[in-house]
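What follows is the residue order along each chain.
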Amino acid sequence: MKRLLLSAVAVSLVLAVVGILASHPGDTSTNVSGGTFRAYLTSEPGNLDPARGVDVNESSVQAKLYNGLVRYDEQMKLVGDLAESWEAQSDGMTFLFKLRPNVKFHNGQTLTSADVIFSFERLLDPATKSPRTWVLEKVLGAKERLQGLASNVAGLSAPDEMTVKITLAEPFSPFLSLLTMPSCYILPSGSAAEIASKRFFEKPVGTGPFQMVGRERDSYVRLAAFPEYFAQKPQVGVLELRIIPESLKAEMEFESGNLDLLQLHPSNYERFSGRPEFAGRIHDVPAMSVVYVGFNNQKPPFNDARVRRALNMLIDRQAIIKAVLQGRGIPARGSIPPGISGWSDKLAGYSYNPKKALALLEEAGYTRKRPLTFDLFQKSSQAAFEITRLLQGELKKHGVIVNLRPMEWSALKDSIDKGEATSFYLSWFGDYPDGENFLTPLFHSKNWGSGGNRARYKNENVDSMLTAAMRIQDADKRARAYEEVNRIVVEEAPWLYLWYANESYILGPQVETMSFSPLFSVDKGLTMKLAR
């Protein structure tokens, strides 16, 4: 509990420094300044179906189009979203949600409990083929529905038009946090036929603060403020998101005045931070994420834990953070970032130790004459190359040959999810501030592939411990359980753990204020305001 509180304080400080705070649901202020805020995405948000989207770009767009029953606010406090209130009964398995009245979808349909039931039933429908069914798998009857043994989910019901009742099969502490995930965003049941045909998601309809008014794949997504949004109104009239995979092109567009926001990387951070005209416009956000190289634990050479441990000891994380990231990062000791339940400063992780690493490689059958050689799959972008080429060079010093395999993002995801990639450079952004979200999706064997466990790590003891931890109601006891799981996983080194890094952004001169959050789903596009 204390660790989570520290995280919330850090977030509050960031928001206070950067700009205005978004109001809580219920503030229906019509303070709309208008104008167009011009930002960009690093890849096409190919899937705007909440049940099927799996990456940050997709989810960040979804957060502006849709709402869930509950959400995390800017202080990482769980608050109502479409639900104005909720009640958890003493058994820890039954939840009643009272919906806000007169909430409108972008097509004019009024929200009722039928839309919630429809959306959750759809997530668990085998025909949907959602990679995120684990989000609701603890609901009573979910497993039977997923196995095709039932036509509906027993634990989902609507006592009346404005009330949703959810019953779990067993107590599950993180359940409300899971409901904040994009997978649990609500769709209009009146559009069921269009949703089934998937035409709906070319121009999707939600209840969010923005509605889609234009889209050209691999070019842009254009969103306009929804005038009937039930909570705080956006302060810009239009949000234009261009698709710009290359960071160098994004930088050129920003410098030319065609973008209002630019994400900074190691290659350009120092140059922008040293320019007087950008003083006070660069914002470092403590991202709730971990950067890593994943190993396919089921394929040679990474089905050998000695190889995985050795590579963890051949990278000097602290030196890279100092020299390349300008000190804006912390060496990763595991998958759980500092400030999140389950993180422990007692976990040492892997330190730079070439002598011990080379001994492990020799024990596994690799020497200078018979070097360890493998392909590292990555996104084809300058930002990714900045790190992967560095890792390639560092490992080469120790006789390890790394062949870089750059790919377009959707092809990369497909290769990883199918288990074709032997190793891959990725990052994991938390969906909610709980250690469970940095362990269960990533390392439980039920989540192989697109479910989150892209390393295809399997440890039956870890599976059992994670399942048991979810039933623990006491927050401190559950945190200790996650600490132990994290320790076991780190010892087996399914990843090459790199660092927990800040995200850095620079705002253009026409932006008066904007707030950032380490939790991407918090950003509903409400805090950006353009100068008059």
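Structure shown above.
Residues numbered from 1 in each chain as written. Predicted model: local features only at pLDDT ≥ 70, side-chain atom pairs only at ≥ 80, totals over all residues. Heavy atoms only, no water.

Digging into the overall build of the protein chain
Step number 1: When its secondary structure is counted, the protein chain shows 16 helices and 21 strands.
Step number 2: The C-alpha radius of gyration computed for the protein chain amounts to 23 Å, which stays within 12% of the reference 24 Å derived for 532 residues, consistent with globular compactness.
Step number 3: Counting only C-alpha atoms, the protein chain reaches 70 × 60 × 45 Å along its principal axes.
Step number 4: Contacts in the protein chain between residues at least 24 apart in sequence constitute 71% of all its contacts with a sequence separation of at least 6.
Step number 5: Of the charged side chains in the protein chain, 62 are positive and 59 negative, and the gap between their average positions amounts to 4 Å. (Helix = DSSP H or I, 4+ residues; strand = E, 2+ residues; numbered from the N terminus. Rg over C-alpha atoms; globule rule 2.2 N^0.38 Å. Contact = heavy atoms within 4.5 Å. Lys, Arg positive; Asp, Glu negative; His and termini not counted. Charge placed at Lys NZ, Arg CZ, Asp CG, Glu CD.)

Here's the deal with the sheet that holds strand E6 (residues 156-160)
Step number 1: Strand order in the open sheet formed by four strands is E4-E5-E7-E6, with antiparallel pairing between adjacent strands. Because the sheet does not close on itself, it has two edges, and the strands there are strand E4 (83-88) and E6. Strand-to-strand twist in this sheet, taken as the mean axis angle between neighbours without regard to direction, amounts to 20 degrees.
Step number 2: Taken strand by strand, helix H3 (residues 113-124) contacts strand E5 (94-99), E6 and strand E7 (163-167), and its axis lies near 175 degrees from that of E6. (Pairing = 2+ DSSP bridges. Axes fitted to C-alpha atoms, helices over the stretch in contact; angles between N-to-C directions.)

Considerations on the nonpolar core
Step number 1: In this structure, Phe37, Phe97, Phe120, Leu136, Ile166, Leu179 and Leu311 are the most contacted members of the largest nonpolar core, which totals 147 residues.
Step number 2: The biggest single contributor to this core is strand E18 (residues 495-501), with seven residues.
Step number 3: Leaving out residues up to four positions away in the same chain, Leu179 has contacts with Leu69, Val70, Phe97, Phe120, Leu136 and Cys184.
Step number 4: Counting 12 residues, the second-largest nonpolar core is a separate cluster that includes Tyr40, Ile244, Leu262 and Phe272. (Core = buried A, V, L, I, M, F, W, Y, C linked by side-chain atoms within 4.5 Å. Buried < 20%, exposed > 50% of the residue type's maximum accessible area, 1.4 Å probe, protein only.)

A short note on the sheet that holds strand E19 (residues 503-507)
Step number 1: Pairing is antiparallel across the open sheet formed by three strands, whose spatial order is E11-E19-E12. Edge positions in the sheet fall to strand E11 (261-264) and strand E12 (282-285), since each of these pairs with one other strand and no more. Averaged over neighbouring strand pairs, the angle between their axes works out to 25 degrees when direction is ignored.
Step number 2: Judged from the four bridges that link them, E11 and E19 form a sheet pairing that is antiparallel. Looking across to E19, one finds that Gln263 is bridged to Tyr505.
Step number 3: This element, helix H7 (residues 247-255), spans E11 and E19 of the sheet and lies at about 140 degrees to E11.

Quick word on unusual backbone geometry
Step number 1: Between Pro300 and Pro301 the backbone carries a cis peptide bond, its omega angle lying at 5 degrees.
Step number 2: Non-glycine residue Asn102 carries a positive phi angle of around 60 degrees.
Step number 3: Among the structural elements, Asn102 can be located in the loop between E5 and H3.
Step number 4: Note on Asn102: relative accessible area 64%, which makes it exposed.

So, helix H9 (residues 305-312)
Step number 1: H9 sits mainly inside the fold: six of its eight residues count as buried.
Step number 2: Along H9, the positions that sit buried rather than exposed are Ala305, Val307, Arg308, Ala310, Leu311 and Asn312.

A few points about the packing of helix H15 (residues 460-469) against helix H16 (residues 475-492)
Step number 1: Relative to each other, H15 and H16 sit at 165 degrees, their axes nearing to 10 Å. As the angle between them shows, H15 and H16 are arranged roughly antiparallel. The two elements H15 and H16 cross, and the hand of that crossing is left-handed. Two secondary-structure elements touch here, H15 through Asn461, Val462, Met465, Leu466 and Ala469 and H16 through Arg478, Ala481, Tyr482, Glu484, Val485, Ile488 and Val489.
Step number 2: In terms of residue class, the contact of H15 with H16 is made up of nine nonpolar, one polar and two charged. (Parallel < 35°, antiparallel > 145°, perpendicular 65-115°, else oblique. Left-handed = near helix turned anticlockwise from the far one by under 90°. Nonpolar A, V, L, I, M, F, W, Y, C, P; charged D, E, K, R; others polar.)

Here we look at the side chain of Thr388
Step number 1: Mapped onto the elements, Thr388 comes out in helix H12 (residues 382-396).
Step number 2: In this structure, Thr388 is in contact with Leu376, Gln378, Leu404 and Tyr425, ignoring residues within four places of it in sequence.

Comments concerning the environment of Asp463
Step number 1: As for its placement among the helices and strands, Asp463 is situated in helix H15.
Step number 2: With 194 residues separating them along the chain, Asp463 and Tyr269 place their C-alpha atoms 41 Å apart.
Step number 3: Aside from chain neighbours lying at most four places away, what touches Asp463 is Phe443, His444 and Ser445.

Description of the environment of Leu82
Step number 1: The topology assignment puts Leu82 in the loop between strand E3 (78-80) and E4.
Step number 2: Sequence spacing of Leu82 and Ile243 is 161 residues, and the spatial spacing of their C-alpha atoms is 30 Å.
Step number 3: Non-local contacts of Leu82, meaning those with residues more than four positions away in its chain, are made with Asn67, Gly68, Leu69, Lys98, Leu99, Arg100, Val103, Leu111, Ile186, Thr207 and Phe230.

Observations concerning the packing of aromatic side chains
Step number 1: Under the criterion given, the structure shown has 15 aromatic pairs.
Step number 2: For the pair Phe254 and Phe278, a centre-to-centre distance of 5.9 Å together with 35 degrees between the ring planes defines the contact as tilted. Highlighted residues: Phe254 in helix H7 and Phe278 in the loop between helix H8 (269-273) and E12, separated in sequence by 24 residues. In this pair, the class of Phe254 matches that of Phe278, namely buried.
Step number 3: When the ring of Phe443 is compared with that of Trp495, the centres are 5.1 Å apart and the planes differ by 50 degrees; the resulting orientation is tilted. With Phe443 in helix H14 (residues 440-443) and Trp495 in strand E18, this residue pair connects regions lying 52 residues apart in the sequence.
Step number 4: A cation over a ring is seen here: Lys379 above Trp409, with NZ or CZ 5.8 Å from the ring centre.
Step number 5: When the ring centre of Phe385 is taken as origin, the NZ or CZ atom of Arg389, which lies over that ring, is 4.0 Å away. (Phe/Tyr/Trp six-rings, centres within 6.5 Å; stacked < 30°, edge-to-face > 60°. Lys NZ or Arg CZ within 6 Å of the ring centre and 35° of its normal.)

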